[in-house]
Amino acid sequence: GGTGRSRKVPRLVAGSPPARDVQYLLEHAPALRDQPWVRYHVKDGEKGPIVWEAKHTRVTVKDEHGLPGMGLHLVMARNVLDAEEVKFFVSNASPETPVDVLLLVGFSRWQVERCFEDQKQEVGLDQWEGRTWRSLKRHLILSAISYLFLARVRQGLRGKNPELTICQVHLAVSALIRSWSLSRRASRRLIEKTARRIRYSQQRKAAARKSHYRRTLRKLREIGINIKI
């Protein structure tokens with residue numbers, strides 16, 4: 001009812017509760033503090049079953065003006081083998097999305113990190129040296145196309161060799177290209193040497209995965225969690 005100039009940016013009503021971080025909500029908000037931890041077998045990873053306890057609620061995040069913005073899922077997960085390890089996930093999925101689906105997506109993001117790691121190590125994504133955006137863009141395009149080629153080859157061969165990785169495909173393709181300039185005998189030796197190297201790597205990885213899996217199962221059984229294989 002004032003006669004002054006109206007505000008260009010709205011603000012919260014005086015006395016409104018302030019925004020809080022997720023750690024504060026977990027420790028002090030009744031909706032989360034009094035909510036029991038629910039145990040989820042998220043998936044089977046390289047080192048065994050991934051079992052976490054989680055709490056879930058809907059939250060409203062603040063926008064760039066400090067006002068209530070969009071509503072999101074907030075999932076707080078705690079490792080059953082290490083109670084000090086707590087992760088927080090937010091998601092804009094539909095409100096009826098189950099918690100186990102949110103956890104599965106949250107614990108699958110390592111695939112994105114592995115994608116960048118493989119591109120840096122195998123196709124030279126991190127070896128760019130230049131000064132212009134155009135040259136950087138060309139390097140990114142060539143790296144992405146090269147990685148896509150390796151991924152498609154791996155996808156086509158995984159039916160015959162499920163343990164095949166991007167790195168091993170790159171090793172095989174490199175050996176195949178080098179063999180074109182060699183004699184038939186030298187070419188055969190190079191291909192056989194590369195195949196032995198790939199088989200040895202897969203055997204070591206399979207043995208390590210089996211050992212980690214058993215160790216994780218034993219730790220889970222010690223705290224009363226039995227996972228059926």
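Values in this document were obtained by computation on a predicted structure and should not be read as measured data.

S.K.: When you look at the packing of aromatic side chains in this model, what are you seeing that I'm missing?
M.R.: Any pair of aromatic rings gets described here by the distance separating the centres and the angle formed by the planes. Under the defined criterion, the tally for this structure stands at two aromatic pairs. Measuring from centroid to centroid gives 4.9 Å for Trp52 and Phe107, while their planes differ by 50 degrees, and the two rings are tilted. You can see Trp52 sitting in strand β2 (residues 48–62) and its partner Phe107 sitting in the loop between α3 (99–106) and α4 (110–122), a full 55 residues away along the chain. Across this residue pair, the class does not change: Trp52 and Phe107 are buried. Through successive ring pairs, a cluster of aromatic residues spans Trp52, Phe89 and Phe107. A cation over a ring is seen here: Arg20 above Tyr24, with NZ or CZ 4.4 Å from the ring centre.

S.K.: So what exactly am I meant to see when it comes to the pairing of β2 here?
M.R.: Within a regular strand, side chains alternate between the sheet's two faces. Bridging between strand β1 (residues 38–45) and β2 involves seven bridges; their strand directions are antiparallel. Residue pairing in the sheet places Val38 in a bridge with Ala54 of β2. Hairpin geometry of β1 and β2 is characterised by an intervening segment of two residues between the two adjacent antiparallel strands. Where β2 and strand β3 (residues 68–79) come together, 10 bridges link them in antiparallel fashion. Each bridged residue has a counterpart across the sheet, and for Thr60 the counterpart in β3 is Gly71. Two successive antiparallel strands, β2 and β3, enclose a turn made up of five residues, where Gly66 displays a positive phi of approximately 80 degrees.

S.K.: I would appreciate a short explanation of the pattern of salt bridges in the present structure.
M.R.: Side-chain pairs of opposite charge can arise whenever the charged atoms involved come near each other. Following the criterion strictly, the structure yields seven salt bridges and no others. Residue Glu53 pairs with Arg39 through a salt bridge whose shortest N-O separation is 3.5 Å. Of this pair, Glu53 sits in strand β2 while Arg39 sits in strand β1; the two residues are 14 residues apart in sequence, bridging distant segments of the chain. Relative accessible area serves as the criterion here: at 47%, Arg39 is assigned to the partly exposed category.

S.K.: What is the right way to read the nonpolar core from this model?
M.R.: Looking at soluble globular proteins, one finds that nonpolar side chains tend to be buried together. Among the nonpolar cores identified, the biggest contains 11 residues, and these are Val42, Ile50, Trp52, Ala54, Val75, Ala77, Phe89, Val99, Leu102, Leu103 and Phe107. Only β2, β3 and α3 provide two or more residues apiece to this core. In contact with Leu103, other than residues within four places in its own chain, are Tyr40, Val42, Ala54, Val75, Ala77 and Phe89. Listed in part, the eight residues of the second largest apolar core include Leu25, Leu26, Ala29 and Leu74.

S.K.: Looking at this model, I keep getting lost on the packing of α4 against helix α5 (residues 133–157). Mind explaining?
M.R.: Packed helices, taken two at a time, are described by their axes: the angle between them and the distance between them. Viewed as axis vectors pointing N to C, α4 and α5 meet at an angle of 105 degrees, and their least axial separation amounts to 10 Å. Between α4 and α5, the interaxial angle falls into the category roughly perpendicular. Facing Cys115, Asp118 and Gln119 of α4, the residues of α5 in contact are Ser143, Ala144 and Tyr147.

S.K.: Sorry, what's going on with the layout of surface pockets here?
M.R.: A probe as big as a water molecule, rolled over the atoms, marks out the empty space that is left. Size it by volume and the largest pocket reaches roughly 1300 Å³. Elements with a contribution of two residues or more to the lining of the largest pocket: β1, β2, β4 (82–91), α4, α5 and α7 (184–222). The computed volume of the second largest pocket comes to approximately 510 Å³. Lining the second largest pocket are 22 residues; nearest its centre among them are Pro18, Ala19, Arg20, Thr60 and Val61. Sorting the residues of the lining of the second largest pocket by element identifies α1 (22–28), α2 (30–33), β2 and β3 as the ones contributing at least two each. With six residues, β2 is the single largest residue contributor to the lining of the second largest pocket. Tallied by class, the residues present in the lining of the second largest pocket amount to 15 nonpolar, four polar and three charged.

Conventions adopted
Residue positions are given per chain, counted from 1 along the sequence in the order it is written. Totals for whole chains, interfaces and linings use every residue, but because this is a predicted model, local features are given only for residues with pLDDT of at least 70 and side-chain atom pairs only at 80 or more, for both listing and counting. With hydrogens and water stripped out, all remaining heavy atoms of the structure feed into the side-chain values. Stacked, tilted and edge-to-face are the three classes applied to pairs of Phe, Tyr and Trp rings, where Trp contributes its six-membered ring and a pair requires centres within 6.5 Å; stacked means planes under 30 degrees apart, edge-to-face means over 60, and tilted covers the rest. Elements are defined by DSSP. Helices are runs of H or I of four residues or more, strands are runs of E of two residues or more, and each kind is numbered from the N terminus. The cut-offs for exposure are 20% and 50% of the maximum accessible area for each residue type, with area from a 1.4 Å probe on protein chains only; residues under the lower value are buried, those over the upper are exposed, and the others partly exposed. Any Lys NZ or Arg CZ that is within 6 Å of a ring centre and within 35 degrees of that ring's normal is treated as a charge sitting over the ring. Two strands make a pair as long as DSSP finds a minimum of two bridges between them. Only one rule defines a salt bridge in this text: a Lys or Arg side-chain nitrogen within 4 Å of an Asp or Glu carboxyl oxygen. What makes a nonpolar core is a set of buried Ala, Val, Leu, Ile, Met, Phe, Trp, Tyr and Cys residues whose side-chain atoms join them at distances within 4.5 Å. The contact definition used throughout considers only heavy atoms, calling two residues in contact when any of these lie within 4.5 Å. Inter-axis angles, ranging from 0 to 180 degrees, are taken between N-to-C directions of lines fitted to C-alpha atoms, where helices are fitted over the stretch in contact. When describing relative orientation, an angle under 35 degrees is termed roughly parallel and one over 145 degrees roughly antiparallel, while 65 to 115 degrees is termed roughly perpendicular and anything else oblique. A pocket, in this scheme, is an open set of points on a 1 Å grid over the protein atoms alone with protein on both sides within 12 Å along at least 5 of 7 lines, while a cavity is a set where a 1.4 Å probe fits but cannot get out; residues line either one if an atom lies within 4 Å of a point. Grid points are joined across faces, edges and corners, and a volume is the space filled by probe spheres set on the points. Under the grouping applied here, Gly and all other residues not named as nonpolar or charged are polar, the nonpolar ones being Ala, Val, Leu, Ile, Met, Phe, Trp, Tyr, Cys and Pro and the charged ones Asp, Glu, Lys and Arg.

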